[in-house]
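Structural features, examined
The residues making up each chain are set out below.
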Amino acid sequence: MSWIDWFKSSKPRAAFLEGYVAANTEKIPGIRPIDQLTFVILDTETTGFDPNSDHVLSFGGIKIKKNILQIADSVEWYPKTDRQPNATATVHGILQQRNQLELKEFAVKLVEFLGNGILVGHHVGFDLSMLAQILKPFGLSNFLNPVIDTVQFAIRLDYGPLADLSQIAKEPYSLDQLCTRFGIQLDDRHTAAGDAFLTAQLFLKMLKEAEKKGIRTYSDLFR
């Protein structure tokens, strides 16, 4: 069984996923410089925090190419759901949204947007687990892209790649705290598009710090 097969769900794979799977079959050369990589920074707002019972209310994403934010490539989409927001609504304020996308339309647009970019987010594992629930009925259980969590990346820059995450206080690594530390103004917080934009600005700042520490290629990023 190949690693691609491991990511399949028990459902037959929908035809629209074939291009996404094929694009992610080819590995990125380890020597490729960071400024030649494509990063897709993403965030979601959800009805709650349980991927098994909650649902994505909104998805925001923006790309970085050649170490430049691609504002024209930024998106914010609202997948259709009949599930009601719980206490999280007091945080993001999404109660009812117009222009909701049918789930297949959202899934098609999502994998096209992600392509074979490197996925980046703050606590991104949660966002990806929520988004994967939407893709499961179409035959894909998990994303195939390389992934960088900005929380872990920030800790690595502070403590090195061998840092024991269980021994490090997480409070200084919240999105608010890190943006403040790097001099990023906290605008449009707690919307998917707004948080993705903040995370993208933060990631660019962290890449500059990483370069000073000798992190300059794809393989350096994932070492």
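So, how was this worked out
Residues numbered from 1 in each chain as written. Predicted model: local features only at pLDDT ≥ 70, side-chain atom pairs only at ≥ 80, totals over all residues. Heavy atoms only, no water. Axes fitted to C-alpha atoms, helices over the stretch in contact; angles between N-to-C directions. Helix = DSSP H or I, 4+ residues; strand = E, 2+ residues; numbered from the N terminus. Parallel < 35°, antiparallel > 145°, perpendicular 65-115°, else oblique. Left-handed = near helix turned anticlockwise from the far one by under 90°. Contact = heavy atoms within 4.5 Å. Nonpolar A, V, L, I, M, F, W, Y, C, P; charged D, E, K, R; others polar. Salt bridge = Lys/Arg side-chain N within 4 Å of Asp/Glu carboxyl O. Buried < 20%, exposed > 50% of the residue type's maximum accessible area, 1.4 Å probe, protein only. Polar contact = N/O pair within 3.5 Å; in protein donor to acceptor, adjacent residues only side chain to side chain. Pairing = 2+ DSSP bridges. Expected span 1.5 Å × (residues − 1). Core = buried A, V, L, I, M, F, W, Y, C linked by side-chain atoms within 4.5 Å. Phe/Tyr/Trp six-rings, centres within 6.5 Å; stacked < 30°, edge-to-face > 60°. Lys NZ or Arg CZ within 6 Å of the ring centre and 35° of its normal.

This paragraph deals with the packing of helix α4 (residues 103-114) against helix α5 (residues 124-135). It is at 9 Å that the axes of α4 and α5 come closest, and there the two elements cross at 125 degrees. The orientation of α4 with respect to α5, classified from their angle, is oblique. The way α4 lies across α5 gives a crossing that is left-handed. Facing α4, whose interface residues are L103, F106, A107, L110 and V111, α5 presents L131, I134 and L135. Across the contact of α4 with α5, the residue classes tally to eight nonpolar, no polar and no charged.

Take the pattern of salt bridges next. Oppositely charged side chains can pair when the atoms bearing their charge come close. All told, the structure shown has six salt bridges when counted by the stated rule. Between K212 and E209 there is a salt bridge, with the nearest N and O atoms lying 3.3 Å from each other. Here the residue K212 and the residue E209 both occupy positions in helix α8 (residues 192-212), the gap between them amounting to three residues, near one helical turn. Here D220 ties to R223 by a salt bridge, and the two come within 3.2 Å at their closest N and O atoms. Under the relative-accessibility criterion, D220 is labelled buried at 10%.

This part covers the side chain of D127. One can find D127 in helix α5. A distance of 2.7 Å separates the side chain of D127 from the side chain of T44, its partner in a polar contact. Not counting chain neighbours up to four residues away, the residues in contact with D127 comprise L42, D43, T44 and H122.

Let's shift gears to the pairing of strand β4 (residues 118-121). Going residue by residue along β4, you find I118 and V120 tucked away on one face and L119 and G121 tucked away on the opposite face as well. Summarising the sheet, strand β1 (residues 38-46) and β4 pair through three bridges and their orientation is parallel. From the neighbouring strand, I41 faces β4, where its bridge partner is V120. Here β4 runs beside strand β5 (residues 147-149); their pairing, made up of three bridges, is parallel. Bridging across to β5, V120 finds its partner in I148.

In this section: α5. The terminal C-alpha atoms of α5 lie 16 Å apart, and with twelve residues this matches the ideal 16 Å at 1.5 Å per residue to within 8%. Of all the positions in α5, only V124, D127, L128, M130, L131, A132, I134 and L135 are classed as buried. Of the surrounding secondary structure, the elements contacted by the buried residues of α5 are β1, β2 (56-65), α4, β4 and β5.

This brings us to the nonpolar core. Membership of the largest hydrophobic core comes to 34 residues, with the highest contact counts inside it found for F39, F153, F203 and L221. Among the elements of the structure, β1, β2, β4, α6 (150-159), α7 (175-181), α8 and α9 (218-221) are those that each provide at least two residues to this core. Of the residues forming this core, the biggest block, eight residues, is contributed by α8. For F39, the contacting residues outside a window of four places in its chain are I34, I62, K63, I64, I118, V120, I148, F203, L207 and L221. Counting residues in hydrophobic clusters, the runner-up holds 29 residues, among them V40, V56, V111 and L144.

So, about the packing of aromatic side chains. Overall, the coordinates contain ten aromatic pairs when judged by the stated rule. Here the aromatic rings of F59 and W77 are separated by 5.9 Å at their centres, their planes lie at 20 degrees, and the arrangement is stacked. Taken as a pair, F59 in strand β2 and W77 in strand β3 (residues 68-77) lie far apart in primary sequence, 18 residues in all. As far as burial versus exposure is concerned, F59 and W77 are alike and both buried. Sitting over the ring of F113, K63 keeps its end group 4.8 Å from the ring centre.

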